[in-house]
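Each chain, letter by letter, is given below.
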Amino acid sequence: VAALVIRRAVAAELPCVIDADGLRLVIEDPQLVQGSVWTVLTPNKPEYERLCALLTEPAPAAASAGNGEGAQSGEEAEESAESQLMRLSAALGGVCIVRKGPSDLITDGHSVVANSEIGSLKRSGGQGDVLSGTLATMLSWAKQSHSTSSPSSSSSSSLSSISPGHSRPLLAAYTGCFLNRRFS
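Below or above, wherever it landed, is the structure these notes cover. Just so you know, the residues in each chain are numbered from 1, in the order the chain's sequence is written. Selection of residues for local features in this predicted model requires a pLDDT of at least 70, selection of side-chain atom pairs for listing and counting requires 80 or more, and totals for whole chains, interfaces and linings are taken over all residues. The side-chain numbers reported here are obtained from all heavy atoms of the structure, hydrogens and water having been left aside.

### Regarding the packing of helix H2 (residues 21-28) against helix H3 (residues 45-55)
Their axes nearest at 10 Å, the elements H2 and H3 cross at an angle of 10 degrees. Overall, the two elements H2 and H3 adopt an arrangement that is roughly parallel. Pair H2 / H3 crosses with left-handed handedness. On H3, the residues touching Leu23, Val26 and Ile27 of H2 are Glu47, Arg50, Leu51 and Leu54. For this classification, Asp, Glu, Lys and Arg are treated as charged, while Ala, Val, Leu, Ile, Met, Phe, Trp, Tyr, Cys and Pro are nonpolar and the rest, including Gly, are polar. For the contact of H2 with H3, a count of residues per class yields 5 nonpolar, no polar and 2 charged. Under this scheme, a helix contributes an axis fitted over its contacting stretch, all axes are lines through C-alpha atoms, and angles between N-to-C directions fall in the 0 to 180 degree range. Secondary structure counts use DSSP, requiring at least four H or I residues in a row for a helix and at least two E residues in a row for a strand, with both numbered from the N terminus. Any angle that falls under 35 degrees is termed roughly parallel, while one over 145 is termed roughly antiparallel, one within 65 to 115 roughly perpendicular, and all others oblique. The crossing is said to be left-handed when, going from far helix to near helix, the turn is anticlockwise and less than a right angle, and right-handed when the turn is clockwise. When checking whether two residues touch, look at their non-hydrogen atoms; a contact exists if any pair is within 4.5 Å.

What follows is the structure in structure tokens.
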């Protein structure tokens, strides 16, 4: 039933935030969200690793690092993480992905933004649920703003940017992550 709900929401271009068991469904059937620019995935580390293993090829630098050719610097690792995140989003047709961590990395497949807001020192239970709700609110507002400002709002190809190089779903996801960290 949940897969049917996701499939219909994506077909109707409704804003969707998919976390937890919904991500298990996406891992089982990535076509559920394929090409849905108004969908945000919020995988934890194991879910993210499963999605990457399923949908992306290892970066050449990552493959050579495993051959004993030396460890990556922090800057190279960050670039590799951003590259991997963008490849995953591209494999899903531009789905927005929040890679949660010490610094949240967020992509729509075209650009990556990092959210390094400090937040609380200790993560509390339910914070992921609050993040999903905040993301859903921001994404819905961004979609509504897009719908009222664009004469052809039903077409995902008409997705406009309100900040150079950053789509509305990407900015909505960044804002949701920022608010969640700031007020946690």
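On we go.
### Re the pairing of strand E5 (residues 112-115)
Relative to E5, strand E4 (residues 104-107) runs antiparallel, the two sharing 4 bridges. Across the sheet, the residue bridging to isoleucine 106 is valine 113, located in E5. Any two strands are treated as partners once DSSP identifies two or more bridges connecting them. Taking the residues that link successive antiparallel strands as the turn, the E4-E5 hairpin has 4 residues, and the phi of glycine 109 there is positive, at about 90 degrees.

### Regarding H3
Burial classes: relative accessible area under 20% of the type maximum marks a residue as buried, over 50% as exposed, and values in between as partly exposed (1.4 Å probe, protein chains only). Burial in H3 covers these residues: Glu47, Tyr48, Leu51 and Cys52. Taken end-on, H3 shows its buried residues confined to a sector of 135 degrees, consistent with a single buried face. In H3, those exposed residues whose orientation departs by more than 90 degrees from the buried face are Lys45 and Ala53. Arc, as used here, means the arc of the directions from the helix axis to the C-beta atoms.

### Considering the packing of aromatic side chains
In this scheme Phe, Tyr and Trp rings, the latter by its six-membered ring, pair at centre separations within 6.5 Å, and the angle between planes marks the pair as stacked below 30 degrees, edge-to-face above 60, and tilted otherwise. Scanning the entire structure with this criterion turns up 1 aromatic pair. Judged by centre distance (6.3 Å) and plane angle (20 degrees), the ring pair of tyrosine 174 and phenylalanine 178 falls under stacked. With tyrosine 174 and phenylalanine 178 both in helix H7 (residues 168-182), this residue pair falls 4 residues apart, about one helical turn. Overall, the relative accessible area of 28% leaves tyrosine 174 in the partly exposed class.

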